[in-house]
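Structural characterization, general
Each chain is listed here by its residues.
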Amino acid sequence: MERLQKVLAQAGVASRRKAETLILEGKVKVNGVVIRELGTKVSKSDSVEVEGVELVKERNVYYLLYKPRGYISTVEDDKGRKTVLDLLPHVEERIFPVGRLDYDTSGVILLTNDGEFSYLMTHPKFKIHKTYVAKVKGIPNRELLKKLERGIELEDGMTAPAKVKMQSVDKKTGTAIVEITIHEGRNRQVRRMFDAIGCPVLKLKRESFGTLTTYGMNAGEARELTTHEVKQLRVLAETGKIGH
Ligand code: URA
């Protein structure tokens, strides 16, 4: 459900401010009834008319982007940095990133114009697993890795249990490559978890998001998800299992 003025703005009818004026002037109908309340919420199945013309519904689109480092995962940046949308210039729909990856993090990020799908993918209650590969400074011992697995007290509370696997150790440089799977998506969570065990992250990549990986893609490339992949992710969020 979205606020009526947002739906009008997204459909390209008018700016949000102008859309509010149209509503107050009684020029907007929902399911054939004039609506003058600004807070009114509508769903995709509602028919919305402006001055007698029904809104054209934008089709839902879903993209997987292999985000390179050096891009911000927002729709706009007030500091003028490159955003993930710059990597999908041909997409006409109003897509936005599903969750965030830090400016310096690479890997899988989804983009869509489907708010409900985005909610399913990002709210921790749906437990969509995200696997990260981190190069860290220092070589965490077994006890420290167990700490990460059990949960770490961060300033915004305990982290949920994670899966952690040591991939390799480089004694010469005193660094390690560690794989960690989490289903929460707090701000800079993986970096903060490693900071908390005294092994700061030097490099971070999100290897997988639910059932999706960057396999076969180069950094900077994007592809549209298949209908099957979208369905699989929905089923994963709703049942915790991959499709039957
Ligand atoms: N955790 C982080 O610290 N950074 C990311 O970009 C994603 C998860």
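In what follows, the accompanying structure is described. In this text, all values refer to a predicted model and were calculated from it rather than measured experimentally. Every chain is numbered independently, its residues counted from 1 as its sequence is written. Under the rules for a predicted model, residues below a pLDDT of 70 receive no local features and side-chain atom pairs below 80 are neither given nor counted, while totals for whole chains, interfaces and linings still include all residues. Side-chain measures here rest on the full set of heavy atoms in the structure, leaving out hydrogens and waters.

A few points about the site of the ligand
- For this purpose, a residue is taken to be near a molecule or strand whenever a single non-hydrogen atom of the residue falls within 4 Å of it. Neighbouring the ligand are Leu101, Asp102, Thr105, Tyr132, Arg188, Gln189, Val190, Arg191 and Leu204.
- At 2.7 Å, a side-chain N or O of aspartate 102 approaches a nitrogen atom of the ligand.
- At a separation of 2.9 Å, an oxygen atom of the ligand approaches a polar backbone atom of arginine 191.
- Its free accessible area being 240 Å², the ligand has 96% of it covered by the protein chains.
- When atoms are counted within 2 Å of each cavity's grid points, the one that captures over half of the ligand is the second largest pocket.
- For the shell around the ligand, the element with the highest residue contribution is helix H5 (residues 189-196), accounting for three residues.
- Its residues placed into classes, the shell around the ligand shows four nonpolar, two polar and three charged.
- Domain limits in this description derive from either an automatic procedure or a database domain assignment. A domain split of the shell around the ligand shows at least three residues from each of domain 2 (62-124 + 211-239) and domain 3 (129-209). Throughout this description, a polar contact denotes any pair of N or O atoms lying within 3.5 Å of each other; where both atoms belong to protein, one of them has to be capable of donating a hydrogen while the other can accept it, and for residues adjacent in sequence the pair is counted only when both atoms sit in side chains. Surface accessibility in these figures is a Shrake-Rupley result with a 1.4 Å probe; residues are shielded only by whichever protein chains are displayed. For each structure, a 1 Å grid was placed over the protein atoms alone; sets of points admitting a 1.4 Å probe that cannot get out are labelled cavities, open sets with protein on both sides within 12 Å along at least five of seven lines are labelled pockets, and lining residues have an atom within 4 Å of a point. By definition, a pocket or cavity contains a molecule when more than half of the molecule's atoms lie within 2 Å of the pocket's grid points. Numbered from the N terminus, helices here are DSSP runs of H or I no shorter than four residues, and strands are runs of E no shorter than two. All amino acids are sorted into three groups, where Ala, Val, Leu, Ile, Met, Phe, Trp, Tyr, Cys and Pro are nonpolar, Asp, Glu, Lys and Arg are charged, and the leftover types, Gly among them, are polar.

Describing unusual backbone geometry
- Even without being glycine, asparagine 31 reaches a positive phi, approximately 50 degrees.
- Within the secondary structure, asparagine 31 sits in the loop between strand S2 (28-30) and strand S3 (33-34).
- Located in the positive-phi region is arginine 188, a residue other than glycine, with phi close to 50 degrees.
- With respect to the helices and strands, arginine 188 occurs in the loop between strand S14 (175-182) and H5.

Describing the pairing of strand S9 (residues 105-112)
- Relative accessibility decides the category of a residue: with a 1.4 Å probe and only protein chains considered, values under 20% of the type maximum give buried, values over 50% give exposed, and everything between is partly exposed. For S9, the tally of buried residues reaches eight of eight residues, placing the bulk of the element in the interior.
- Whether two strands pair comes down to DSSP finding at least two bridges between them. Summarising the sheet, strand S7 (residues 62-67) and S9 pair through six bridges and their orientation is antiparallel. Bridge pairing links leucine 64 to leucine 110 in S9.
- Bridge count between strand S8 (residues 96-97) and S9: two bridges; the pairing is antiparallel. When the sheet's bridge partners are listed, proline 97 is paired in S9 with leucine 111.

Concerning the packing of aromatic side chains
- Here a Phe, Tyr or Trp ring, Trp counted by its six-membered ring, pairs with any other such ring whose centre lies within 6.5 Å, and the pair is stacked when the planes are under 30 degrees apart, edge-to-face when over 60, and tilted otherwise. This model, assessed by the stated rule, comprises two aromatic pairs.
- A ring pair is formed by tyrosine 62 and phenylalanine 117, whose centres lie 4.9 Å apart and whose planes are at 75 degrees; its orientation type is edge-to-face. Note that tyrosine 62 is positioned in strand S7 and phenylalanine 117 in helix H3 (residues 115-122), a separation of 55 residues in sequence. Each member of the pair, tyrosine 62 as well as phenylalanine 117, is classed as buried.

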